[in-house]
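Understanding the architecture of this molecule
Letter by letter, the chains look like this.
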Amino acid sequence: RKEVEQDPGPFNVPEGATVAFNCTYSNSASQSFFWYRQDCRKEPKLLMSVYSSGNEDGRFTAQLNRASQYISLLIRDSKLSDSATYLCVGPGGSYIPTFGRGTSLIVHP
Amino acid sequence: NAGVTQTPKFQVLKTGQSMTLQCAQDMNHNSMYWYRQDPGMGLRLIYYSASEGTTDKGEVPNGYNVSRLNKREFSLRLESAAPSQTSVYFCASSEEFYEKLFFGSGTQLSVL
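Residues numbered from 1 in each chain as written. Chains lettered and ligands numbered in written order. Predicted model: local features only at pLDDT ≥ 70, side-chain atom pairs only at ≥ 80, totals over all residues. Heavy atoms only, no water.

**Side note on the overall build of chain A**
The number of helices and strands found in chain A is zero helices and eleven strands. Its C-alpha radius of gyration of 13 Å places chain A within 12% of the 13 Å reference for a compact globule of 109 residues. For chain A, the spread of C-alpha atoms along the three principal axes comes to 45 × 30 × 20 Å. Out of the 109 residues in chain A, the part that is buried amounts to 44%. Restricting to contacts in chain A with at least 6 residues of sequence separation, those with at least 24 account for 55%. Accessible surface, chain A as shown: approximately 5200 Å² in total, 48% of it carbon and sulfur. Treating the 11 positive side-chain charges of chain A as one cloud and the 10 negative ones as another, the clouds have centres 4 Å apart. (Helix = DSSP H or I, 4+ residues; strand = E, 2+ residues; numbered from the N terminus. Rg over C-alpha atoms; globule rule 2.2 N^0.38 Å. Buried < 20%, exposed > 50% of the residue type's maximum accessible area, 1.4 Å probe, protein only. Contact = heavy atoms within 4.5 Å. Areas by Shrake-Rupley, 256 points an atom, 1.4 Å probe, with all protein chains shown as cover. Lys, Arg positive; Asp, Glu negative; His and termini not counted. Charge placed at Lys NZ, Arg CZ, Asp CG, Glu CD.)

**Considerations on the sheet that holds strand E7 (residues 64-68) of chain B**
All names here are of chain B. An order of E1-E3-E8-E7 is seen for the four strands of this open sheet, with the pairing classed as antiparallel. Each of the sheet's edge strands pairs with one partner strand only, and the pair in question is strand E1 (4-7) and E7. Taken over all neighbouring pairs, the strand axes of this sheet differ in orientation by 15 degrees on average, direction set aside. As judged from the five bridges shared by E7 and strand E8 (residues 74-78), these two strands associate in the antiparallel manner. If you follow Tyr64 over to E8, its bridge partner there is Leu78. (Pairing = 2+ DSSP bridges. Axes fitted to C-alpha atoms, helices over the stretch in contact; angles between N-to-C directions.)

**Describing the packing of aromatic side chains**
Aromatic ring pairs are described here by two measures, namely the spacing of the ring centres and the angle between the planes. A full pass over the atoms with the stated rule returns 16 aromatic pairs over all chains. On the numbers, 5.4 Å between centres and 35 degrees between planes, the contact of Phe21 of chain A with Tyr86 of chain A is tilted. Here Tyr86 of chain A lies in strand E9 (residues 84-91) and Phe21 of chain A lies in strand E3 (residues 19-25), a separation of 65 residues in the sequence. Like Phe21 of chain A, the residue Tyr86 of chain A is buried in the burial classification. Site record: aromatic cluster; members linked through ring pairs are Phe34, Tyr36, Tyr95 and Phe99 of chain A together with Tyr33, Tyr35, Tyr48, Phe90, Phe97, Tyr98 and Phe103 of chain B. (Phe/Tyr/Trp six-rings, centres within 6.5 Å; stacked < 30°, edge-to-face > 60°.)

**Re the sheet that holds strand E8 (residues 70-75) of chain A**
The strands making up a sheet associate through backbone hydrogen bonding, with each pair oriented either parallel or antiparallel. All names here are of chain A. Strand order across the open sheet formed by five strands is E1-E3-E8-E7-E6, with antiparallel pairing between neighbours. Of all strands in the sheet, those with a lone pairing partner are strand E1 (4-6) and strand E6 (55-57), marking the two edges. Neighbour-to-neighbour, the strand axes of this sheet turn through a mean angle of 15 degrees, independent of strand direction. Note that strand E7 (residues 60-65) and E8 share six bridges and pair antiparallel. Bridge assignment links Phe60 to a residue of E8, and that residue is Ile75.

**Some thoughts on the interface of chain B and chain A**
Contacts between the two partners involve 21 residues from chain B, matched on the other side by 23 residues from chain A. Both faces considered, chain B and chain A share a buried interface measuring about 1700 Å² in area, 64% of it formed by carbon and sulfur atoms. Together, Leu43, Tyr98 and Phe103 of chain B form the three largest contributors to the area buried by chain B at its contact with chain A, with a combined 37%. The tally of links between chain B and chain A comes to zero salt bridges. Inspection of the chain B/chain A interface yields four residue pairs in polar contact (both at pLDDT 80 or more). Looking at the side of chain B that touches chain A, the elements with two or more residues in it are strand E4 (31-38) and strand E5 (42-49) of chain B. Take the side of chain B that touches chain A: its biggest share by element is four residues, from E5 of chain B. (Buried area = accessible area lost by both parts, 1.4 Å probe. Salt bridge = Lys/Arg side-chain N within 4 Å of Asp/Glu carboxyl O. Polar contact = N/O pair within 3.5 Å; in protein donor to acceptor, adjacent residues only side chain to side chain.)

**Overview of unusual backbone geometry**
A cis amide bond links Gly9 of chain A to the next residue, Pro10 of chain A, at an omega of 10 degrees. Examined against the element boundaries, Pro10 of chain A turns out to sit in the loop between E1 and strand E2 (11-14).

**Some words on the side chain of Gln85 of chain B**
Residues and elements named next belong to chain B. Within the fold, Gln85 resides in the loop between E8 and strand E9 (87-94). On the basis of relative accessible area, Gln85 is assigned to the buried category, the value being 5%. Of the polar contacts made by the side chain of Gln85, one reaches the backbone oxygen of Gly63; its length is 3.2 Å. Setting aside anything within four residues of it in sequence, one finds Gln85 in contact with Arg36, Asn62, Gly63, Tyr64, Leu78, Ser80, Leu109 and Val111.

What follows is the structure, encoded as structure tokens:
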């Protein structure tokens, strides 16, 4: 089993919709996680850090569910510009930052 | 403030050729990383340097070597390139190990 797993999607949603992605992890000792956004052929950029208390930034909310070992990213009021691939990061072996394969989001008019 | 700079942006190699990818950061970060990204595979860690003077293997180190030249610079070397090393390579840095990552703009490498 891969240490960090995501549903690749694509998630195809209309503008204004609410969409949520999950990311499961296997390292139960994990304390912190990250969500990155990657546009086509560009470098990943940090979207949010996720700690036990969760995190909210405008339309974006990230949560950590330790009991079920997953983190989530909720996007409210989706915009066309939110179309991208969303990557979660958790600790793998030796606590190295390990990426999931990414979830593709397409927001259409 | 350039952040993380990696060169070259594009490279085409023939099988068996060698090359070095350069990476430099100007944020005084302690940790640096090299990832590769292949379609459907996400980013996979090749090597990392948790702090100046140390380097360690990541998930996919075979066929690569690295050098942490100083705190700013972390290079990745392909000694004998193979078609399986065709990929997009990203260098990243973080203030401390396993903190938020800042990425360079990537190197598109093709090995023929």
